[in-house]
Amino acid sequence: MSSVSRLVSSVCKKIIKPYSPTPISLRCHKLSYLDQMVGGIYLPLALFYPKLSNTWSNKPNNVVSQHLEKSLSKVLTNYYPFAGKLNDNISIDCNDNGVEFFITKINCPMSEIFNHPYFEKHNLVYPTEVINNQYTYEGSLAVFQLTHFSCGGIAISMCLSHKVGDGYTFGNFMNHWATMARNALSSEIYPISPKFDGSFYFPPTKDEDSSNVSNNNIVPQREECVSKSFSISSSKLTALKARVINESQVQNPSDIEVVSAFLYQRAMATKKLVNSSSIRPSLLHQAVNLRPPVPKNTMGNICSLFSILTKEEKEMDLGQVVSKLRKEKEEVKQKYKNAKIEELLPITLEQYRKANDLLVNNSCYDLYRFSSLITFPSYDVDFGWGKPEKVISPLSTSNPPIKNMFVLMDDKNRDGVNLTCSMKKQDMLAFERDEELLRFASPTS
């Protein structure tokens, strides 16, 4: 047993079923084509709450757990596929089998976990079997853990099979669950009523072909990597935007564009130092939420992507990278702007094909993947005892991590950016020491 795992003093497992049975008409949830394309990796998210305030501060642990269990049961009625069973790569049998819910105690203060810049200790707040087998886990499609710390704080974590949904689905579920928990004491109603109708917009392939649906961009190879977290403050973000405005024609750069371009630039620059050579040609893949044109209440995998290619050192200027990102993003938006429903899947598959062709035709290039939860309301998840002090983003704890993966999130004040990244160890050693990176990004510690 490792010194980290010795911190865990007890583990209890429960099965939480939907409060109301799923109607017969909804028992078979067809996967969309995009659901079929993604791998079965479990996406992890953890929210940390300091010592509970107001009426919750003196309540025993079992009362906190019961509060979460009851509200989870109620919200699963709306998110019924989470409590079902995957049927090959075709559908989910929404049989109300339930989801796994673990309760643990950790013998250390919460700060010792979330102030750790690397991710070994973070894994304690996730169900062990899921986090150690994220690509092969065969339990429920959604798995939860409530962790009690010695300081009185708690962490609530969830691991969701990517087959069921994307980061947007994840964020909506967590906020819907929290609203349901608060609703026990008020009449508050969650504004978005979820619909699992992604197959209407992205029709699945024929049943006999479903096992062959895959995409190298969505099912990345696993490699031995390390992960680390950084933060970019509001003032540093403003300075980066000013540089972009000065260097390019983009006069209103977004947080996502600026931070993605900056991290991509620094990753390429430090990789050049590691290899003592000229710049390695590189690709940046950026995931894009397709709500709209798809309705905002559609759950599942509703994403496209675009790519930019960098071959020469003169293309590495921050302004140039942002300009390329903006150009590609605008072209994608135009493709979807007036698209009919039956055109959504062909357009999306063409985007993935273009990205895949770039990679296949340039197999020696470095690939950097970016996913953003900026603007997602992760820091609004209030179960009745206040908002989280810290949120750890999906994929930052993948085991092993996905190489050259960057996940961006708002910080707690909504004016800066928190990020996690995964790289090979030698690349990370160079990246985290890069003076230009550290002028703007601070290691989380």
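In this text, all values refer to a predicted model and were calculated from it rather than measured experimentally.

Further remarks concern the layout of surface pockets. Here the second largest pocket is characterised by a volume of approximately 450 Å³. Taken together, the residues that form the lining of the second largest pocket break down as five nonpolar, 10 polar and four charged.

Let's shift gears to the packing of helix α2 (residues 61-76) against helix α5 (residues 167-182). The interhelical angle for the contact between α2 and α5, taken along N-to-C directions, is 120°, at an axis separation of 8 Å. Relative to α5, α2 is oriented oblique. Once α2 is placed against α5, the crossing between them reads as right-handed. Residues His 67, Leu 68, Ser 71, Leu 72, Lys 74, Val 75 and Leu 76 of α2 pack against Phe 173, His 176, Trp 177, Met 180 and Ala 181 of α5.

To continue, consider the sheet that holds strand β9 (residues 226-232). If you walk across this open sheet you meet the seven strands as β11-β10-β12-β14-β15-β9-β16, and the pairing is mixed. At either margin of the open sheet sits one strand with a lone partner, and together these are β11 (303-310) and β16 (442-443). As defined by bridge partners, strand β14 (residues 405-410) adjoins strand β15 (residues 417-423) across six bridges and the pair is classed as antiparallel. For Val 407, the partnering residue across the bridge sits in β15 and is Thr 420. Across the sheet, helix α9 (residues 318-337) is in contact with β10 (282-289) and β11; its angle to β11 comes to roughly 145°.

In this section: the nonpolar core. Leu 72, Phe 82, Phe 173, Trp 177, Phe 383 and Trp 385 are the most contacted members of the largest nonpolar core, which totals 73 residues. When we break this core down by domain, the ones giving at least three residues each are domain 1 (8-210) and domain 2 (223-388 + 395-443). Residue contacts for Phe 82: discarding those within four places in its chain leaves Leu 76, Val 99, Leu 141, Ala 142, Met 158, Leu 160, Val 164, Thr 169, Phe 173 and Phe 196. With 54 residues, the next largest nonpolar core counts Tyr 264, Val 321, Leu 325 and Phe 431 among its residues.

At a minimum axis distance of 8 Å, the contact between helix α7 (residues 234-247) and α9 shows a crossing angle of 85°. Classified by the angle between their axes, α7 and α9 sit roughly perpendicular to one another. Residues Leu 240, Arg 243, Val 244 and Glu 247 of α7 form the contact with α9, whose own contacting residues are Leu 318, Gly 319 and Val 322. Looking at the contact of α7 with α9 residue by residue, the classes come out as four nonpolar, one polar and two charged.

Enumeration over the complete set of coordinates arrives at 24 salt bridges. As a salt-bridge pair, Lys 329 and Glu 257 come within 3.0 Å of each other at their nearest N and O atoms. Of this pair, Lys 329 sits in helix α9 while Glu 257 sits in helix α8 (residues 255-275); the two residues are 72 residues apart in sequence, bridging distant segments of the chain. Assessed through its relative accessible area of 25%, Lys 329 is described here as partly exposed. Several salt bridges converge on common partners, so that one network encompasses Lys 271, Arg 280, Asp 366 and Asp 427.

Attention now moves to α7. Helix length check: α7, at 14 residues, gives a terminal C-alpha distance of 20 Å against a target of 20 Å (1.5 Å per residue), a fit within 8%. Every buried residue of α7 is accounted for by Leu 237, Leu 240 and Val 244. Viewed along the axis of α7, the buried residues span an arc of 60°, placing them on a single side of the element. Exposed side of α7, more than 90 degrees from the buried face: Ser 235, Thr 238 and Asn 246 are the residues found there.

A word on the packing of aromatic side chains. Counted under the stated rule, the structure contains 23 aromatic pairs. Look at Tyr 42 and Tyr 137: their rings are 5.5 Å apart centre to centre, the planes differ by 85°, and that puts the pair in the edge-to-face class. Of this pair, Tyr 42 sits in strand β3 (residues 42-49) while Tyr 137 is found in the loop between α4 (128-132) and β7 (142-149), placing the two residues 95 residues apart along the sequence. Accessibility expressed as a relative area gives 2% for Tyr 42, which makes it buried. Three or more aromatic residues link up through ring pairs in this structure, and these residues are Tyr 49, Tyr 79, Tyr 80, Phe 82, Phe 144, Phe 173, Trp 177, Phe 196, Phe 383 and Trp 385. Residue placement shows Lys 74 over the ring face of Tyr 19; its charged tip is 5.8 Å from the ring centre.

Bringing the environment of His 29 into the picture now. Secondary-structure assignment places His 29 in strand β2 (residues 28-30). Residue classification places His 29 among the buried positions, given a relative accessible area of 9%. Separated by 52 residues in the primary sequence, His 29 and Pro 81 place their C-alpha atoms 7.0 Å from one another. Not counting residues within four places of it along the chain, the set of residues in contact with His 29 comprises Pro 81, Ser 91, Ile 92, Cys 94 and Phe 196.

Mapping Ser 248 onto the fold places it in the loop between α7 and α8. The class of Ser 248 is buried, set by a relative accessible area of 10%. Only 3.2 Å separates the side chain of Ser 248 from the backbone nitrogen of Val 250, close enough to count as a polar contact.

Within the secondary structure, Ser 10 is located in strand β1 (residues 8-16). The sequence separation of Ser 10 and Lys 105 amounts to 95 residues, and the corresponding C-alpha distance is 5.5 Å.

The rules behind each value
Residues numbered from 1 in each chain as written. Predicted model: local features only at pLDDT ≥ 70, side-chain atom pairs only at ≥ 80, totals over all residues. Heavy atoms only, no water. 1 Å grid on protein atoms, 1.4 Å probe; cavity = no way out; pocket = protein on both sides within 12 Å on 5 of 7 lines; lining within 4 Å. Points joined across faces, edges and corners; volume = space filled by probe spheres on them. Nonpolar A, V, L, I, M, F, W, Y, C, P; charged D, E, K, R; others polar. Axes fitted to C-alpha atoms, helices over the stretch in contact; angles between N-to-C directions. Helix = DSSP H or I, 4+ residues; strand = E, 2+ residues; numbered from the N terminus. Parallel < 35°, antiparallel > 145°, perpendicular 65-115°, else oblique. Left-handed = near helix turned anticlockwise from the far one by under 90°. Contact = heavy atoms within 4.5 Å. Pairing = 2+ DSSP bridges. Core = buried A, V, L, I, M, F, W, Y, C linked by side-chain atoms within 4.5 Å. Buried < 20%, exposed > 50% of the residue type's maximum accessible area, 1.4 Å probe, protein only. Domains from an automatic or database assignment. Salt bridge = Lys/Arg side-chain N within 4 Å of Asp/Glu carboxyl O. Expected span 1.5 Å × (residues − 1). Arc of directions from axis to C-beta. Phe/Tyr/Trp six-rings, centres within 6.5 Å; stacked < 30°, edge-to-face > 60°. Lys NZ or Arg CZ within 6 Å of the ring centre and 35° of its normal. Polar contact = N/O pair within 3.5 Å; in protein donor to acceptor, adjacent residues only side chain to side chain.

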